[in-house]
Amino acid sequence: MVFFKPVSPQPNHREIEPRILRFWEEGRHFYRLIEKNQGNEKFRFLDGPITANGPMGVHHAWGRTYKDLFQRYKAMLGFDQRFQNGFDCQGLWVEVEVEKELGFKSKKDIEKFGIARFVEKCKERVMRFSRIQTRQSILIGQWMDWENSYYTMSEENNYSIWFFLKKCHERGLIYEGTDVMPWCARCGTAISDMEIATEGYRELTHPSVFLRFPVIGKEREYLLVWTTTPWTLTSNTAAAVHPELVYVRAKKDGDVYILAKELLRVLGAGAEVIEEFLGSRLAGLRYQGPFDELAPQAGVEHRVVLWKDVSASEGTGIVHIAPGCGKEDFLLGKEEGLAVIAPLNDDGTFKPEFGWLAEKYALDVTRVIFDDLEKKGLLYRVEDYTHRYPVCWRCGEELVFRLVDEWFIAMDPLREEIMASAQQVRWIPEFGLERELDWLRNMGDWCISKKRYWGLALPIFRCGCGWFDVVGSKEELQKRAVEGWERFEGHSPHRPWVDEVKIACERCGNTVPRIKDVGNPWLDAGIVPFSTTYYLTNRDYWRAWFPFDFITESFPGQFRNWFYAILAMSTVLEKCAPFRTVLGYATMKAEDGREMHKSWGNAIEVEEAVDKMGADTMRWVFARHNPTQNLLFGFKVGEEVKRKILTFWNVYSFFITYANIDGVNPVALKVKKEDLNRLDRWILSRLNSLVKLARERLDDYDAASVALAVETFVDDLSTWYVRRSRRRFWKSDNDQDKAGAYWTLWTALVTTVKLLAPFMPFISEEMYQNLVRSCDPDAPDSVHLCFYPEPDLEFIDEKLENEMKVVRGLVSLGHAAREKARIKVRQPLARMFVRLKPPLEQAVLEPYLDVIKDELNLREVFFSSGEPPRDCVTEEEDRLAVGLDTSITPELEAEGLVRELVRRIQTLRKSAGYDVADRIVLFCSGTPRVQKAIELFKDYLRQETLAVEIAFQPLKEADIESEVNVNREPVRLALRRVKPNG
RNA sequence: GGGCCCUUAGCUCAGGUGGUAGAGCACUGUGCUGAUAACGCAGGGGCCAGUGGUUCGAGUCCACUAGGGCCCA
């Protein structure tokens, strides 16, 4: 009886993976897994939300592999889990893409289109891509409760943030501040530090200008200053010098210039130093500003101030200060009480009061400013300057610095608490903690507002009288609403609907609208430890699932983003970290070591990877990689990994082939431990050592060590266990030795398949169905419903494993000696001498003699403490030496000849299309030498070729005939299949 | 300017607690031919970035230098 489905020589992922997906869908295995574990001890995983703003990339698949792997592992251990996936929905990134779809250029286009319609478009886009990402995730084998994914645009999420902000307000942490912020004119919004530092700089070349500020009260005497942002000169109110730096007055072409001595070279040749002095002497010096004729400059007194941050490494050592146009300038201006001029509208154009510059875009006026300075005689020199300049991380537009009113959460009072939370967490790798603490030490106040449309509606209501309050819930809003509730009711808490609601000022009684701003999107992602566990509406549920045991995300960026947001928000709400362990992984690059870019042709899409290499292969590439290192991903590494999988598949295929021939049902095998031979016990020891390691390493969230150990094990299984055990499967006796071999190989395969299930869910399911379900109807009907293997310590025998290592080393030397003597393994040899490495006793290796003799085709192996006989071919390594006796007797030669013959006949069997178990009649004729060899090894020949009869007369009706040379002897061969007759 | 990580064979990477360098790919030779559009074995190829230290002994621990990456200012 045949138990197993025949196996193709190679796994076809294109056929297997979709079939297994259908199998899971029809069998509802995922939901049955959840039900099976319900009520057990919990494993709490929190999914960091993926931005649902485009198709997923292969780098997402890396993270999803970890997420799926550890959740599957914990599920196989029986842990109760939520399996909730998350989508990040709100924010500028979505708006930018929708604007592109609609062909919009600026915020005006959005307002014209209508905020309500625009917001609906944003929602639609998110829904579209969340569906696409879900489909992609299923393709890579991720098991999640897809019907129950969370969306950060949900009411639960938005109102939870309201609650959080109210908590902050109760602690007095929320304030409106005026600050100079990096500003994207196209997007019309400030860009926060968090966003800018991640990917917000580009190497750019701009024209820079040296210009002169006339010193008041002096003829033809000037401060020489330098700037790379000419538009900011319109708002200059001061010039800064370093108090301890040496400055000079230098004469050039009849004019006198003041600048740092070290930078005198910018004046060019012919400058003559009149005087040297410290910068501090310049303090208070008054000068004429470059754009005093503009209305906003009226009444502004320009003077020199002292500033320690002035550098003498570039420019002139005198820094132009415009407190309305630069962050540092603004701080300095505050200290020095300087006038603040804010020149730009939110679209980056000059305000109307800037005369001839009005409505011109700040980054477009460089030329006209130079011309104007030239006309006024203030221009000294223009030169190109290359520097890292901030750009909008979403739309790529160059940023300007703009004085704005934004809302902040004060972080100083929270800094220590959040740091304490961060220290409660186990960071993998460990340096993660230092990174996070470094960020926490240096972080500024959290700018939470954005002057945009699609996002969290900040629940801040501010009255013209200066009073403001934060509303903490929908219910509170309804209770306090004095206007517009009916127009809002029934809508999601988004713009424009929520803007209809107005409350009363508690100070002056006026009707107060919500501020127009939406929230920073990291608030959305930061609240999910609470919103997804119903913190506000179901405390019992929250208590059961909070804090989370595990999160895993890509390190770069997340220290200041998601890790930061969830730590900060959880610290405010519960004074603790919301997760216990975080596994971080590095950055994915293309195979050529460069970043993946569609335009460079080195980007790989998820679908393409799944189609070409298979989801399992891709997952294995990820799982075996050291997560702290950048991963170079591509089809080359895919091919390498595929071959490792193929080795395992070949062992599986080998087992199935012979188990079917023998009609073996492994479950019914009665095998006692005494039936197992040394190789069986060896591979079972290796197997159980592997299981033990897998458990230990996975419990420590270390998938790579397990994957690499599995690869080593599979190599041992294939190239040593199976190779040395083949004959036991081929032979015709169905004895206990054979049963032991089948049982051992089956056990090794099934256990490994279960070990691999979290790593490669498809192929392990495929193999499990055939290896286990085919012969054991009582077994769970999916490998993912099985219990994860437990090591049987009884089988672990370190001594045996070490001895086998020596044996394999010895065999390796034997092969090397044969190689050196150029005698193929097929030719039997009489003897090999072995000199062991001193502490090793010959008795220890005695039991392995058969294995060694078989592998090297030797009659005898002799151990000795001395050197091997002189006429031997020797090989030595690490004080272990072998000597091969290469003399070939006629009898040995005859045996070699028959072996060669066997090989030829096997090839013929194959070409004739025989099944491996078909019996044959064999015709064989040749020289007397051949005839004699056959006579001598007749039994061997029959056994190996499954010949029921060896004929020396030509066959009638031969299936295949051939004339060959065997060891230079001509031989005629013919085969005929024997019809099975019951 | 400060902090963190990395630097091992031509390429991609392994190398707990310090004890005479490993794998896969590629290359060369070769074997097997009942796992065969596979597989095995063998070989060449590394002063483990450099320099100092600790140690009987350092790829491994410490310091510094150089190159690469990330973060902060």
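Please read all numbers here as calculations on a predicted model, not as lab measurements.

Draft legend 1. Fine view of the overall build of chain A. Looking only at helices and strands, chain A features 32 helices and 37 strands. By the compact-globule yardstick of 30 Å for 982 residues, chain A is too spread out, its C-alpha radius of gyration being 39 Å. Taken over the C-alpha atoms alone, chain A extends approximately 125 × 75 × 55 Å along its principal axes. Out of the 982 residues belonging to chain A, those deemed buried represent 56%. Here chain A displays about 41800 Å² of accessible surface, and carbon together with sulfur accounts for 48% of that area. Between the centroid of the 135 positive side chains of chain A and the centroid of its 149 negative side chains there is a distance of 3 Å.

Draft legend 2. Inspection of the packing of helix H21 (residues 615-623) against helix H22 (residues 635-662) at higher detail. Two numbers describe how H21 lies on H22: the axes approach to 9 Å, and their chain directions differ by 100 degrees. Overall, the two elements H21 and H22 adopt an arrangement that is roughly perpendicular. Where H21 abuts H22, its residues Thr-617, Trp-620 and Val-621 lie against Val-637, Gly-638, Val-641, Lys-642 and Ile-645. A breakdown of the residues in the contact of H21 with H22 according to their chemical character gives five nonpolar, two polar and one charged.

Draft legend 3. A look at the pairing of strand E8 (residues 238-241). Side chains of E8 alternate between two faces, with Ala-238 and Ala-240 and Ala-239 and Val-241 buried alike. Two elements, E8 and strand E13 (residues 302-306), share four bridges in a ladder whose sense is parallel. Its bridge partner being in E13, Val-241 is matched across the sheet by Leu-306. As paired strands, E8 and strand E14 (residues 318-321) are joined by four bridges and run antiparallel to one another.

Draft legend 4. Spatial organisation of the packing of aromatic side chains. Scanning the model with the defined rule gives 55 aromatic pairs in all. Their ring planes at 75 degrees and their centres at 5.1 Å tell us that Phe-30 and Tyr-31 sit as a pair that is edge-to-face. Residue classification places Tyr-31 among the partly exposed residues on the basis of a relative accessible area of 30%. Arranged with centres 5.9 Å apart and planes meeting at 80 degrees, the rings of Trp-427 and Phe-563 form a pair that is edge-to-face.

Draft legend 5. How the structure looks around helix H29 (residues 849-856). Among the residues making up H29, those that are buried are Leu-849, Val-851, Ile-852, Glu-855 and Leu-856. Take H29 and look down its axis: the buried residues cluster within an arc of 165 degrees, on one side only. Buried residues along H29 sit against helix H23 (678-699), helix H24 (703-730), helix H27 (798-821), strand E30 (829-835), helix H28 (842-845) and strand E31 (858-864). Looking at the residues trailing H29, positive phi occurs at Asn-857, about 55 degrees.

Draft legend 6. Quick peek at the side chain of Asp-499. By secondary structure assignment, the location of Asp-499 is in the loop between helix H14 (485-488) and strand E23 (502-504). With residues near it in sequence (within four places) discarded, Asp-499 still touches Arg-514 and Lys-516.

Draft legend 7. Quick look at the sheet that holds strand E33 (residues 880-885). Spatial strand order, E31-E30-E33-E32: four strands in an open sheet with mixed pairing. The strands lining the two open edges of the sheet, one partner per strand, are E31 and strand E32 (873-877). Put simply, the sheet's adjacent strands are angled 20 degrees from each other on average, direction ignored. Sheet topology places E30 next to E33; five bridges connect them, and they run antiparallel. Counterpart to Arg-831 in the pairing with E33 is Asp-885. Against the sheet, H29 engages E30 and E31, with an angle of about 130 degrees to E31.

Conventions used here
- Residues numbered from 1 in each chain as written.
- Chains lettered and ligands numbered in written order.
- Predicted model: local features only at pLDDT ≥ 70, side-chain atom pairs only at ≥ 80, totals over all residues.
- Heavy atoms only, no water.
- Helix = DSSP H or I, 4+ residues; strand = E, 2+ residues; numbered from the N terminus.
- Rg over C-alpha atoms; globule rule 2.2 N^0.38 Å.
- Buried < 20%, exposed > 50% of the residue type's maximum accessible area, 1.4 Å probe, protein only.
- Areas by Shrake-Rupley, 256 points an atom, 1.4 Å probe, with all protein chains shown as cover.
- Lys, Arg positive; Asp, Glu negative; His and termini not counted.
- Charge placed at Lys NZ, Arg CZ, Asp CG, Glu CD.
- Axes fitted to C-alpha atoms, helices over the stretch in contact; angles between N-to-C directions.
- Parallel < 35°, antiparallel > 145°, perpendicular 65-115°, else oblique.
- Contact = heavy atoms within 4.5 Å.
- Nonpolar A, V, L, I, M, F, W, Y, C, P; charged D, E, K, R; others polar.
- Pairing = 2+ DSSP bridges.
- Phe/Tyr/Trp six-rings, centres within 6.5 Å; stacked < 30°, edge-to-face > 60°.
- Arc of directions from axis to C-beta.

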